[in-house]
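# Report on the structure
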Amino acid sequence: MADLFHSKMESAKKEAAEAEAKAKEAQKRKQIGPTPIVTRQSMPTYEPMPATEKLIPHDSLPSDAFEAGCSTLTPNRPGWTKARNVLTTVQHMQRKAYRSPKGMVTRFKSKDANPPPFLQGSKLVLTGTPLNLLLVLVPLALAAGPLKWTSGVVFALCCGAILPLAGILGDATEQVAMHTNDTLGGLLNATFGNATELIVCVFALSRGLLQVVQVSLLGSILSNTLLVLGCACVAGGLRKMQCKFNVVAARSNTTLLQISILGLMVPTLLEKTGQMTLLGKVDLDISRGISGSLLLLYCFYIYFQLVTHATLFDPKNEDVEEDSEAEEERQILTLSGGLVWLGIATLLIAVLSESLTGAIEGTAEELGLSRSFVGFVVIPIVGNAAEHSTAIVMAHKGKMDLAFGVALGSSTQIALFVVPLMVLLGWPMGQPLDLYFGLFETAVTFLSGLIVSLIVAGGETNWLEGVMLLFSYGLISFAFFFKTD
């Protein structure tokens, strides 16, 4: 009897405990809400994360927000196994799409999603760097021509005024790029950065300075592939031992660059073998035919980069090291505000470029320099200030894909677009510009492209390779210092 009594007491305690647990579970479910049954038809869709939202790790979320967003599935519900499989698949897709270098992330609105008004954003653009103090030279450079100042003074003032304008153009381009992806951002940086060289070359071509046009275009290609890319590798290598980048995009740019250099070598080899004469009908026909082919190849490259293989050029999971939220990029201009500043900077650069090209010959005579050295070193460095600053800043932040896209993309665009365009524009302008750039110029361009191809072949770089590129650029510039016109 005693054993029977104890067994009944134990069973009664268990039933009471189970009832109490069920009551607590029912109360908890009442607070959270009814448990949904997840099926394929009721599964919510997940849209791509907008650029105005930032990623916050789960461990920094409030506990109530995390608990409210969780859904529970109990095995006794119908279709539980099927729903669990669907939910597991969705969670796996979320982990793959929304993973940051610091772990799982959740979408939350950024406090700085809305950029400031136009006037406030313009103030931030103008006061963003000490280089903008040189903007005081803009009115002086504009007034130097009408005041009949010497060619050396006009040239120096125009170069000093273009430097901050090129930087503002790069900042405005970066703000516009923040409203797009990294692929379009790199293309925009290269396009508007090369606007300076394009404008300078058009005015130089109209004045008949064919040698200055050719040398400045080669200088722009080598300054981007050697100087700008070298500084970017050094900036990234000092932050990280080995910096990885998108090897597919880099190889595409370097291969296209080699093909464009091949287009420059064909007229040179034909002339050196006695197959044609310079500035003759055959020379101009070959140069214009090659230029049209290079422009067509450039169109195919743009279609490849932005349409068929856009995912290869869009680094969503680039390994970027961020020490704190204070280092995050901010949108200080709206899309329209960025476009306005792009237009202002481009217009001022166009006006100053006309005065700059008019003072090249006088400056070379006053300083005792050759026009080749001025065109190869001085003009490209001034014109590439936008790419130079952008590539270094992006490389220092760990965004090597964007840095390589700016440097290599800019040189590829000059070789495949600007050079052929200048040759074809010289046709209706009556200027016999061809693709014969000289044996020395073509040889150093070919060797420089070969060096860059070897460096980008491995898919990663370091600061020593950047120093190699800088020394290569220094050797070529030193040779141009002694080269006569």
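What you are looking at is a predicted structure, and each value in this text was computed from that prediction instead of being measured.

What follows deals with the overall build of the protein chain. Across its full length, the protein chain carries 18 helices and five strands. Buried residues in the protein chain amount to 45% of all 485 residues. For the protein chain, the computed accessible surface area is about 25200 Å², with 65% contributed by carbon and sulfur atoms.

Residues other than glycine seldom take positive phi values, yet Lys 148 does so here, at roughly 60 degrees. On the accessibility criterion, Lys 148 (72% relative accessible area) is exposed.

This next bit is on the nonpolar core. Counting 61 residues, the largest nonpolar core has Phe 155, Val 213, Leu 217, Leu 356, Val 419, Met 422 and Leu 435 as its most contacted members. With 12 residues, helix α6 (residues 151-177) is the single largest residue contributor to this core. Apart from residues no more than four positions distant in its own chain, Val 213 is found in contact with Cys 201, Ala 204, Leu 205, Met 422 and Leu 433. Core analysis: the second largest hydrophobic core is formed by 34 residues, Leu 229, Ala 250, Leu 408 and Phe 480 among them.

Of note, Ala 443 is situated in helix α17 (residues 439-456). Spatially, the C-alpha atom of Ala 443 lies 9.9 Å from that of Thr 268, the residues being 175 residues apart in sequence.

Another aspect to go through is the packing of helix α5 (residues 137-144) against α6. Here α5 crosses α6 at 145 degrees, and the two axes come no closer than 8 Å. Here α5 and α6 pass one another in a crossing that is left-handed. Contacts between α5 and α6 involve Leu 137, Val 138, Leu 140, Ala 141 and Ala 144 on the former and, on the latter, Val 154, Leu 157, Cys 158, Gly 160, Ala 161 and Leu 165.

With respect to the helices, strands and loops of the structure, Gln 214 is situated in helix α9 (residues 210-239). The exposure class of Gln 214 is buried, given its relative accessible area of 12%. Side-chain polar atoms of Gln 214 contact the backbone oxygen of Asp 434, separated by 3.2 Å. Look past the residues within four positions of Gln 214 in its chain and what remains in contact with it is Leu 433, Asp 434, Tyr 436 and Phe 437.

Evaluation of the coordinates by the stated rule reveals eight aromatic pairs. Here the aromatic rings of Phe 245 and Phe 404 are separated by 4.1 Å at their centres, their planes lie at 15 degrees, and the arrangement is stacked. Of this pair, Phe 245 sits in the loop between β4 (243-244) and α10 (247-272) while Phe 404 sits in helix α16 (residues 400-429), and the two are 159 residues apart along the sequence. When its relative accessible area of 4% is taken as the criterion, Phe 404 is described as buried. Judged by centre distance (4.0 Å) and plane angle (10 degrees), the ring pair of Phe 376 and Phe 480 falls under stacked. Remark: Phe 480 occurs in helix α18 (residues 463-482) and Phe 376 occurs in helix α14 (residues 371-383); sequence separation between them is 104 residues.

Mapped onto the elements, Val 176 comes out in helix α6. Val 176 sits 161 residues away from Gly 337 along the chain, and the two C-alpha atoms are 8.6 Å apart.

This brings us to the pattern of salt bridges. The full count for this structure, using the stated rule, is four salt bridges. Linking Asp 285 and Lys 281 is a salt bridge whose minimum nitrogen-to-oxygen distance equals 2.9 Å. Placement of both Asp 285 and Lys 281 in helix α11 (residues 281-308) is noted, with a separation of four residues, approximately one turn of the helix. The class for Asp 285 is partly exposed, based on a relative accessible area of 41%. For Arg 371, the salt bridge goes to Glu 361, with nearest N and O atoms at 3.1 Å. Of this pair, Arg 371 sits in helix α14 while Glu 361 sits in helix α13 (residues 360-367), and the two are 10 residues apart along the sequence. Given the relative accessible area of 25%, Arg 371 is considered partly exposed. Note on Glu 361: relative accessible area 37%, which makes it partly exposed.

The next subject is a nonpolar patch on the surface. On the surface, a cluster of nonpolar side chains totalling about 370 Å² of accessible area is made up of Phe 118, Leu 119, Val 340 and Ile 344. Every element with two or more residues in the nonpolar patch is listed here: α4 (118-126) and α12 (335-358). Examined against the element boundaries, Val 340 turns out to sit in helix α12. We classify Val 340 as partly exposed; its relative accessible area is 40%.

Moving on to the side chain of Asp 283. For Asp 283, the location among the structural elements is in helix α11. Buried charged residue Asp 283 carries no salt bridge. Nearest counter-charge: Arg 288, at 9.0 Å. Excluding residues within four positions of it along the chain, Asp 283 makes contact with Pro 267, Met 276, Thr 277, Leu 278 and Asp 434.

Below, the discussion takes up α17. A turn of α-helix holds 3.6 residues, and therefore any two residues three or four places apart point the same way. Over its 18 residues, α17 runs 26 Å from end to end, which matches the ideal 26 Å to within 8%, given 1.5 Å per residue. Residues of α17 that are buried include every one of Glu 441, Thr 442, Val 444, Thr 445, Ser 448, Gly 449, Val 452, Ser 453, Ile 455 and Val 456, and no others.

The next thing to look at is α5. Those residues of α5 that sit buried are Leu 137, Val 138, Ala 141 and Ala 144. Along α5, the residues classed as buried sweep out an arc of 125 degrees about the axis, all on the same side. The inward-facing, buried residues of α5 abut α6 and α12.

Let us now look at the packing of α6 against α13. Between α6 and α13, the shortest axis-to-axis distance is 8 Å and the interhelical angle comes to 115 degrees. As the angle between them shows, α6 and α13 are arranged roughly perpendicular. Helix-helix and strand crossings are classified by hand; for α6 and α13 the assignment is left-handed. Across the interface between the two elements, Ser 151, Gly 152 and Phe 155 from α6 touch Ile 360, Gly 362, Thr 363 and Glu 366 from α13. Taken together, the residues of the contact of α6 with α13 sort by class into two nonpolar, four polar and one charged.

What counts and what doesn't
Residues numbered from 1 in each chain as written. Predicted model: local features only at pLDDT ≥ 70, side-chain atom pairs only at ≥ 80, totals over all residues. Heavy atoms only, no water. Helix = DSSP H or I, 4+ residues; strand = E, 2+ residues; numbered from the N terminus. Buried < 20%, exposed > 50% of the residue type's maximum accessible area, 1.4 Å probe, protein only. Areas by Shrake-Rupley, 256 points an atom, 1.4 Å probe, with all protein chains shown as cover. Core = buried A, V, L, I, M, F, W, Y, C linked by side-chain atoms within 4.5 Å. Contact = heavy atoms within 4.5 Å. Axes fitted to C-alpha atoms, helices over the stretch in contact; angles between N-to-C directions. Left-handed = near helix turned anticlockwise from the far one by under 90°. Polar contact = N/O pair within 3.5 Å; in protein donor to acceptor, adjacent residues only side chain to side chain. Phe/Tyr/Trp six-rings, centres within 6.5 Å; stacked < 30°, edge-to-face > 60°. Salt bridge = Lys/Arg side-chain N within 4 Å of Asp/Glu carboxyl O. Patch = residues over 30% accessible without salt bridge, like charges linked within 9 Å, V, L, I, M, F, W, Y side chains within 5 Å. Lys, Arg positive; Asp, Glu negative; His and termini not counted. Expected span 1.5 Å × (residues − 1). Arc of directions from axis to C-beta. Parallel < 35°, antiparallel > 145°, perpendicular 65-115°, else oblique. Nonpolar A, V, L, I, M, F, W, Y, C, P; charged D, E, K, R; others polar.

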